[in-house]
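Listed here are the chains, written in short residue letters.
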Amino acid sequence: METSFIPPSPERTLEGWPDWSILIVDDEQGMLNFLVKTLAPRCHFVMSATSAEDGAHWLRGHHVDLVILDISLPGKSGVAWLKELREHGFTGEVILITAFADLDTAIEALRAGASDFILKPFRVPQILNAVKHCYERSRLRRENFVLRRAVVSTPGLGALVGNSASMQQLRESIARVAPVNSTVLLQGESGTGKELVARELHALGSRAGGPFVPVNCAAVSPELIESELFGHAKGAFTGATRARDGLFHYAQGGTLFLDEIAELPLPIQATLLRAIEDLNIRPVGSEQLVPLNLRIVAATNRQLSDEVTAGRFRKDLYFRLQVVDLTLPPLRQHKDDIAELVAHFNAQLAPSLGVEPLRISEQEMDFLRQYDWPGNVRELRNLIERSLILGSLNVSALYPGEARGPAADTQAPARPTDLHTLEKMHILSVLDSVHGDKTRAAQLLGVSRRTLERRVAEWGAA
Ligand SMILES: Nc1ncnc2c1ncn2[C@@H]1O[C@H](COP(=O)(O)OP(=O)(O)OP(=O)(O)O)[C@@H](O)[C@H]1O
Ligand SMILES: [Mg+2]
């Protein structure tokens, strides 16, 4: 087989696309050499082939971001092959090259899904420009996508705080596990910091430069989750009028964070297990296997072994995931960290809310240490945020209704007594702090967006 493989170049001082893999298909050896020589020092991998069949061979075994394709190939033409590629779900960029300036062919090529079209002979700057455009477009697509998802992920994540024995141990485990590429399972109650740890694993791992793509498995409908995760080919099901990439694709080169993994439907659990073991996926309705180059981090706030016993989670996937298993302690088990966490949230949130940091008395601190924190660190963070807005430690939300025990002493004296006014003030300041973004405000308040909207509508009516 006429294929050649150029390993990554050690010095990449040239302007380029160091994370991109490019496949060049042309039957003319001179052209092939010229393109390989031009592009190899500027990108991660260059693969070359002299026919569509050879090209297909590369695509089966490697992740390819861009195909540079000659139109007149022996056997199958470039345009015919491109149509096939698109039908099989290839969503990378494609630049077509040809010696014949024929408008009809150009139009046909663009219709078939080419990103660009250049005429032979061309000079180095022309091909570099075409690649640059493709790269920019693909980067923007990915960024938009990741940004869109970032909106629904937890706000305000920063570094892991706490020096208790259990936090130190957790930090050591993260440092040990991060550089290894194996799949990691994070277990722990809600609000213990699983997403924060997932981001740390990503940031300290070898794919830190790539995207971090969080997926809430509980939030995607069971009918859509397979195509959402793995993508789909054109015509895979009614309504699939064109091929679409899945979340695995967007996480290529980075980390895919599968949050609430216990909610994954059983059939998808089987598909996920295969993906983890074979390191490739098959988009829904596609024949083509797509090789994976990413790390998977999974999280759940359930005891996954219980889910296995109850028959809701596959045992084989559980064993595969728990090879590296980090369990986050509930806050009531590392109360030594409360003072440091309070100081951290105080310092982090006060400037962004535009208020003075809270002064917390010893007595109030005692209360915080006695409390059980069923909502863990998230509950503590929300408490500090709420209190900053109200101007003093406000524990009423921890003890709904009548304040009990030490809480009674920690109520701030100078706050409005009317509960409705208090609530309205609180909601308005939260809304204000996020510039009126209701989704974000609802998240901060710990209520659904609908509840928040209903409350705001009630004031309007009053
Ligand atoms: N050790 C910590 N240091 C600093 N911040 C923390 C720590 N643990 C948790 N947090 C903060 O608490 C909040 C909740 O954390 P996170 O979203 O990671 O929890 P989770 O375990 O994913 O919860 P859930 O299961 O409900 O999704 C976040 O704002 C996070 O930054
Ligand atoms: Mg979470």
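Residues numbered from 1 in each chain as written. Chains lettered and ligands numbered in written order. Predicted model: local features only at pLDDT ≥ 70, side-chain atom pairs only at ≥ 80, totals over all residues. Heavy atoms only, no water.

Helix and strand content of the chain: 19 helices and 13 strands. Burial status across the chain gives 48% buried among its 462 residues. Look at the contacts in the chain between residues 6 or more apart in sequence, and 71% of them connect residues 24 or more apart. Total accessible area on the chain stands at roughly 22,600 Å², and carbon and sulfur atoms take up 52% of it. (Helix = DSSP H or I, 4+ residues; strand = E, 2+ residues; numbered from the N terminus. Buried < 20%, exposed > 50% of the residue type's maximum accessible area, 1.4 Å probe, protein only. Contact = heavy atoms within 4.5 Å. Areas by Shrake-Rupley, 256 points an atom, 1.4 Å probe, with all protein chains shown as cover.)

Per-residue confidence for the chain gives a mean pLDDT of 83, with 85% of residues at or over 70. The low-confidence segment residues 8-12 (pLDDT under 50) makes nine contacts with residues lying over four places distant or belonging to another chain. Predicted confidence for residues 399-419 stays below pLDDT 50, and this span has 24 contacts to residues more than four positions away or in other chains. (pLDDT = per-residue confidence, 0-100.)

For the structure shown, the criterion picks out seven aromatic pairs. Seen in terms of ring centroids, Tyr-371 and Trp-373 are 4.7 Å apart; in terms of plane orientation they differ by 90 degrees. Their pairing is edge-to-face. Taken together through their ring pairs, the aromatic side chains of Phe-367, Tyr-371 and Trp-373 make up a single cluster. (Phe/Tyr/Trp six-rings, centres within 6.5 Å; stacked < 30°, edge-to-face > 60°.)

In space, the five strands of this open sheet follow the order β8-β9-β12-β7-β13, with parallel pairing throughout. At either end of the open sheet lies a strand with only one pairing partner, and these are β8 (212-216) and β13 (325-327). Across the sheet, the mean angle separating the axes of adjacent strands is 20 degrees when strand polarity is ignored. As defined by bridge partners, strand β7 (residues 184-187) adjoins strand β12 (residues 295-300) across four bridges and the pair is classed as parallel. Looking at β12, one finds that Gln-187 is bridged to Thr-300. (Pairing = 2+ DSSP bridges. Axes fitted to C-alpha atoms, helices over the stretch in contact; angles between N-to-C directions.)

Moving on, we come to the environment of Asn-216. The residue Asn-216 is located in strand β8 in this model. Residue Asn-216 is classed as partly exposed on the basis of its relative accessible area of 32%. Counting along the chain gives 48 residues from Asn-216 to Leu-264, while the straight-line C-alpha distance between them is 9.5 Å. Reaching out from Asn-216, the side chain makes a polar contact with the backbone nitrogen of Ala-218 at a distance of 3.0 Å. (Polar contact = N/O pair within 3.5 Å; in protein donor to acceptor, adjacent residues only side chain to side chain.)

Another aspect to go through is the packing of helix α6 (residues 165-177) against helix α7 (residues 194-204). Here α6 crosses α7 at 40 degrees, and the two axes come no closer than 9 Å. One finds that α6 runs oblique with respect to α7. Judged by the twist between their axes, the crossing of α6 over α7 is right-handed. From α6, Leu-170, Ile-174 and Val-177 reach across to α7, where they touch Val-197, Glu-200, Leu-201 and Leu-204. Classifying every residue of the contact of α6 with α7 by side-chain character gives six nonpolar, no polar and one charged. (Parallel < 35°, antiparallel > 145°, perpendicular 65-115°, else oblique. Left-handed = near helix turned anticlockwise from the far one by under 90°. Nonpolar A, V, L, I, M, F, W, Y, C, P; charged D, E, K, R; others polar.)

The next subject is the pairing of strand β9 (residues 255-259). The element β9 is largely enclosed, with a buried count of five among its five residues. The alternating pattern of β9 places Thr-255, Phe-257 and Asp-259 on one face and Leu-256 and Leu-258 on the opposite face, and all of these are buried. Summarising the sheet, β8 and β9 pair through five bridges and their orientation is parallel. Residue pairing in the sheet places Asn-216 in a bridge with Asp-259 of β9. As paired strands, β9 and β12 are joined by four bridges and run parallel to one another. Its bridge partner lying in β12, Leu-258 is registered against Ala-298.

By nearness alone, 22 residues border ligand 1, and Val-161, Ser-190, Gly-191, Lys-194 and Arg-378 come closest of all. Note that an oxygen atom of ligand 1 is positioned 2.9 Å from one of the side-chain N or O atoms of Arg-378. For ligand 1, whose unbound accessible area comes to 640 Å², protein coverage reaches 95%. If you list the elements that add at least two residues to the shell around ligand 1, you get α7, α13 (338-353) and α15 (376-390). A class-by-class count of the residues in the shell around ligand 1 yields ten nonpolar, seven polar and five charged. Mapping the shell around ligand 1 onto the domain boundaries places at least three of its residues in each of domain 2 (165-329) and domain 3 (332-461). (Near = heavy atom within 4 Å. Domains from an automatic or database assignment.)

Take helix α3 (residues 78-87) next. Listed as buried for α3 are Gly-78, Val-79, Trp-81, Leu-82, Leu-85 and Arg-86. Seen end-on, α3 carries its buried residues on one side only, within an arc spanning 160 degrees. Looking one or two places after α3, you find Gly-89, whose phi comes out positive at around 100 degrees. (Arc of directions from axis to C-beta.)

Within strand β2 (residues 17-25), seven of the nine residues are buried, which leaves it mostly tucked inside the rest of the structure. Both β2 and strand β3 (residues 43-49) contribute to a ladder of six bridges, which runs parallel. In the strand pairing of β3, Leu-23 is matched with Met-47. Handedness of the crossover joining β2 and β3 through helix α1 (residues 29-39) is recorded here as right-handed. (Right-handed = clockwise from strand over helix to strand, strands pointing away.)

Here the structure, examined in full by the defined rule, presents 15 salt bridges. One salt bridge in this structure joins Lys-83 and Glu-108, with 3.2 Å as the shortest N-O distance. With a gap of 25 residues between them, Lys-83 in helix α3 and Glu-108 in helix α4 (residues 103-111) connect regions that are remote in the sequence. Lys-83 gets classed as partly exposed once you look at its relative accessible area, which sits at 37%. A salt bridge links Glu-385 to Arg-381, with the nearest nitrogen and oxygen atoms 3.9 Å apart. Residue Glu-385 and its partner Arg-381 are located together in helix α15, separated by four residues, close to a single helical turn. Of the two residues examined, Glu-385 and Arg-381, each falls in the buried class. Linked through salt bridges whose partners overlap, the residues forming this network are Glu-263, Arg-302, Glu-307 and Arg-312. (Salt bridge = Lys/Arg side-chain N within 4 Å of Asp/Glu carboxyl O.)

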